[in-house]
Amino acid sequence: MFCHNESFNSNTGSRSSSIFLSRSGRCVCSLERVARIWKMASAETAAEHERILRELESTDTNCIGPTLRSVYDGQEHGLFMDKLEGRIRNHDREIEKMCNHHFQGFVDSITELLKVRGEAQKLKCQVTETNQKLQNDGKELLTSMDELRQCRLQQRNIATTIDKLTHCLPVLEMYSKLQEQMRAKRYYPALRTLELLEENCLPQAGSYRFCGIMSENISRLRTHIRDVSMSDLKDFLESIRKHSDKIGETAMKQAQVQIARDNAVTSQQQSESGRRIRKETFSGTEVDRTGSNPFSEKGSRILDVEDEEEDEIPGAHDLVDFSPVYRCLHIYTVLGARETFENYYRKQRRKQARLVLQPHSNMHETLEGYRSYFNQIVGFFVVEDHILHTTQGLVNRAYVEELWELALSKTIAALRTHSSYCTDPDLILDLKNLIVLFADTLQGYGFPVNQLFDMLLEMRDQYGEILLKKWNQSFRQILDQDNYSPIPVASPEEYQRIAGQFPFQDPELDKMPFPKKLPFSEFVPKVYSQLKEFIYACLKYSEDLHLSSTEIDDMIRKSTNLLLTRTLSHCLQYAIKKKNVGLAELVQIIINTTHLEQCCHYLEEFISNITNVPSDTINATKLYGTSTFKDARHTAEEEIYTNLNQKIDQFLQLADYDWTAAQGGGQASDYLSDLIAFLCSTFAVFTHLPGKVAQTACMSACKHLSTSLLQLLLEADVRQVSMGALQQFNVDVKECERFARAGPVPGFQGDTLLLAFIDLRQLLDLFTQWDWSTYLADYGRPTCKYLRVNPHMALALLEKMKDTSRKNNMFAQFRKNERDKQKLIDTVVKQLKNLIATNQA
């Protein structure tokens, strides 16, 4: 390597020397020409050229342009060129002198260099060989070094890769986990993974392309998760709207089972307490072992049903998957939009509440319509209660209470409207039980239900009115189907059966042998049984209304009083006033109402037994049955009197008197004989009537008969009455008196019944005995023989006896004494008129 450098330097030096010599020769020639020019130029030109030359020598080549321009602008540029050549030659000579001064040293150096060429060549060969050997010996080392370098590079790359992968792998694993969660629709964990990926993993991984892609996808994934969770929530709301009915049904079944369990435990405790009391009270005595507590049996059956159904009834949370709500709530909470979610959920649930609270138009037709309505409401609030207790603030108590107030008002309004269409007491009772179960179910979830029970108390009046209508039909059917005849009893078993239906006690009747007859007809035990059924129906409604025994007792007694005073009273009035009701039926009605009146205290004891409230309690309502049956009996009695009078009028319509007969007959008229026979047979039936009903009826009939006969005699159509007609009429009145004297109804003292005919008797005696002097002389005195004879009636009848306007006037052929009697009649007529005028004045 050194040899090559030496040769290079020697060659370079020789070339430089030759170039330098050639340049020096040219410079000398140029200076000589310049010198010749300078000689020819003038002094001024020489001085200017000298200045320019100095500027050229001292000026930088970059600024030589203006100097050269001044040369060419002048006229002596040729002289300048000559002078420039001379200056160059001078410089060349100086250069040559300097080169000559150093030439020997240069030659010596060249000579020494030439001497060293061989050695340098040898050294070059040796260096080349050494280099070759070194190259051959270091080839393996270089290879090893390259391998080492590559290995170190790979190690560094691997370390760098491992470090980068250490930061990237968690990101990739987290993203893979995110993808799996998204595929599995586990959106809330996916949202948590997104949060960790964004806040921790991606910043640590670095700025890689896939990290940028992941960062760009994060917002899109969040939006997707939010939209999917909201879609799930909408599906949940739609599903829960469809399942509200089933949820409510399940909740009400659970409440029913719990209520049955509580009632069974209470009944069992009461039963055990009762057995302990009986054991302590009747220890050592024989107790009826066949007696059983119906409530205990009912409770045991309920427990059995409960044991069977306890494991079969699923909870409300088993029917609905609430995870969409929780998931959506958590997702919106993480996304910072919890308030938006809460507002959306509450708004949608309010809309669903309004739909749930809207009843069907035909809900009142069947119990299932009400049941479905209640199930939906219960299901709605069971869900809200579950959401309230399982989420933190999604719904609060104020929100739920606001919804419940809305639901309560709309539910009560709907029930009032639809229940008003109901006319079936069984449906009303079932509806009441359903409302109680509905209220108890929601009360178990903490909702106030007092307004529902207040509404049930309002419905109690409607239920009572419907019961009254139903029992009105029952009573009328019983009264229409009754035969109004005493009940025949052929055997002790039949007697016991009737006694079991109606509390009847008659020691005298018990002594009589079979067959025998009870004094009342079939409608008495039937009506009594219906009264008890009505009380049971009222009791059924009052159950489970959280009322005290006193309130239940008061309600039952008031309803029973309405049944007696209004419904049964109207039915009895209807039965009494029917057109085809005969006297025998009326008599039987009086007997029946008497026995029903006597059983009223048994009804009070019956009510006291089922309500456990003694009838003698202060402020206890009394039954008005006594007055009801008394009023009915009085109406029946009045109807008997009316019917008797109508029968008497019917017989009197058959009367056919010959008012102009010359002489009366010796026997009573046929119509009157038939009338007396009818009265005798009728009053024979009246012997079963209680009290003085028969006597009053007999007296009323006799008075009506007497008044009717008197009106018949004084009738305006009868214009002429003969003495013979009066005699026949007197015979008929005597027959009536004979009937009254015979005592058709026992209980009259002396001739009391004859007083009914006294007005007619005194009038007929006055005319038949023609005792006017006594009448006129004693008129107005308390001891007057004809005290009951009214002068107006006497005058009217006397006018008919003196009437001569008819063809067959009985006075037309009178003899002298008869003409005198006619004059006497005229005189009596005048005296009667004067008497009447005097009394009127």
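Before going into details, it helps to say that this report is about the structure given with it. (Residues numbered from 1 in each chain as written. Predicted model: local features only at pLDDT ≥ 70, side-chain atom pairs only at ≥ 80, totals over all residues. Heavy atoms only, no water.)

## With respect to the nonpolar core
Nonpolar side chains in soluble globular proteins tend to be buried together.
Alright, step 1. Counting residues in each nonpolar core, the largest one holds 185 residues, and the members touching the most others are Phe374, Ile640, Leu644, Phe683, Phe729, Phe767 and Trp772.
Alright, step 2. Per-element tally for this core: the top contributor is helix 14 (residues 450-481), with 13 residues.
Alright, step 3. Here leucine 644 is in contact with Leu583, Phe678, Leu679, Thr682, Phe683, Phe686, Ala697 and Ala701, once residues within four sequence places are set aside.
Alright, step 4. Formed by 21 residues, the second largest nonpolar core is a distinct cluster that contains Met174, Met182, Cys211 and Leu221. (Core = buried A, V, L, I, M, F, W, Y, C linked by side-chain atoms within 4.5 Å. Buried < 20%, exposed > 50% of the residue type's maximum accessible area, 1.4 Å probe, protein only. Helix = DSSP H or I, 4+ residues; strand = E, 2+ residues; numbered from the N terminus. Contact = heavy atoms within 4.5 Å.)

## Some words on helix 4 (residues 77-183)
Alright, step 1. With 107 residues, helix 4 extends only 99 Å from end C-alpha to end C-alpha; this falls clearly short of the ideal 159 Å at 1.5 Å per step.
Alright, step 2. Histidine 102 marks the point of greatest bend in helix 4, at about 45 degrees.
Alright, step 3. Of the residues trailing helix 4, lysine 185 is marked for its positive phi of about 60 degrees. (Expected span 1.5 Å × (residues − 1). Bend = angle between axes of the 7 residues up to and from the residue.)

## A look at unusual backbone geometry
Alright, step 1. With omega at -5 degrees, the peptide bond leading from phenylalanine 514 into proline 515 counts as cis.
Alright, step 2. Assignment of secondary structure puts proline 515 in the loop between helix 16 (507-511) and strand 2 (516-518).
Alright, step 3. The backbone of aspartate 544 sits at a positive phi, close to 65 degrees, despite the residue not being glycine.
Alright, step 4. Positionally, aspartate 544 belongs in the loop between helix 17 (523-542) and helix 18 (549-576).
Alright, step 5. Although it is not a glycine, tryptophan 770 adopts a positive phi angle of roughly 50 degrees.
Alright, step 6. Checked against the element boundaries, tryptophan 770 lands in the loop between helix 25 (758-768) and helix 26 (772-778).
Alright, step 7. Judged by its relative accessible area of 16%, tryptophan 770 is buried.

## What to know about the packing of helix 17 against helix 20 (residues 600-611)
Alright, step 1. Viewed as axis vectors pointing N to C, helix 17 and helix 20 meet at an angle of 25 degrees, and their least axial separation amounts to 11 Å. The angle between the axes of helix 17 and helix 20 places the two elements in the roughly parallel class. Judged by the sense of rotation from one axis to the other, the crossing of helix 17 with helix 20 is right-handed. Counted together, Tyr528, Leu531, Lys532, Ile535, Tyr536 and Leu539 of helix 17 and Tyr602, Leu603, Phe606, Ile607 and Ile610 of helix 20 form the full contact between these two elements.
Alright, step 2. Residue composition of the contact of helix 17 with helix 20, by class: 10 nonpolar, no polar and 1 charged. (Axes fitted to C-alpha atoms, helices over the stretch in contact; angles between N-to-C directions. Parallel < 35°, antiparallel > 145°, perpendicular 65-115°, else oblique. Left-handed = near helix turned anticlockwise from the far one by under 90°. Nonpolar A, V, L, I, M, F, W, Y, C, P; charged D, E, K, R; others polar.)

## A short note on the packing of aromatic side chains
Alright, step 1. Scanning the entire structure with this criterion turns up 29 aromatic pairs.
Alright, step 2. Where phenylalanine 236 meets phenylalanine 322, the ring centres are 5.8 Å apart and the plane angle is 55 degrees; that geometry is what we call tilted. On the criterion of sequence distance, the pair formed by phenylalanine 236 in helix 6 (residues 209-281) and phenylalanine 322 in the loop between helix 8 (316-319) and helix 9 (323-334) is long-range, its members being 86 residues apart. Take phenylalanine 236 and phenylalanine 322: they sit in the same class, and that class is buried.
Alright, step 3. Taken together, a centroid distance of 5.1 Å and an interplanar angle of 80 degrees make the contact between phenylalanine 380 and phenylalanine 381 edge-to-face.
Alright, step 4. With relative accessibility at 2%, the residue phenylalanine 380 sits in the buried group. (Phe/Tyr/Trp six-rings, centres within 6.5 Å; stacked < 30°, edge-to-face > 60°.)

## A look at helix 23 (residues 693-713)
Note on helix geometry: an α-helix contains 3.6 residues per turn, so any two residues three or four positions apart are oriented the same way.
Alright, step 1. Here helix 23 is 21 residues long and its end C-alpha atoms lie 30 Å apart, about the 30 Å a rise of 1.5 Å per residue gives.
Alright, step 2. The buried fraction of helix 23 is high, at 16 of 21 residues.

Keep in mind these numbers describe shape, not what the thing actually does.
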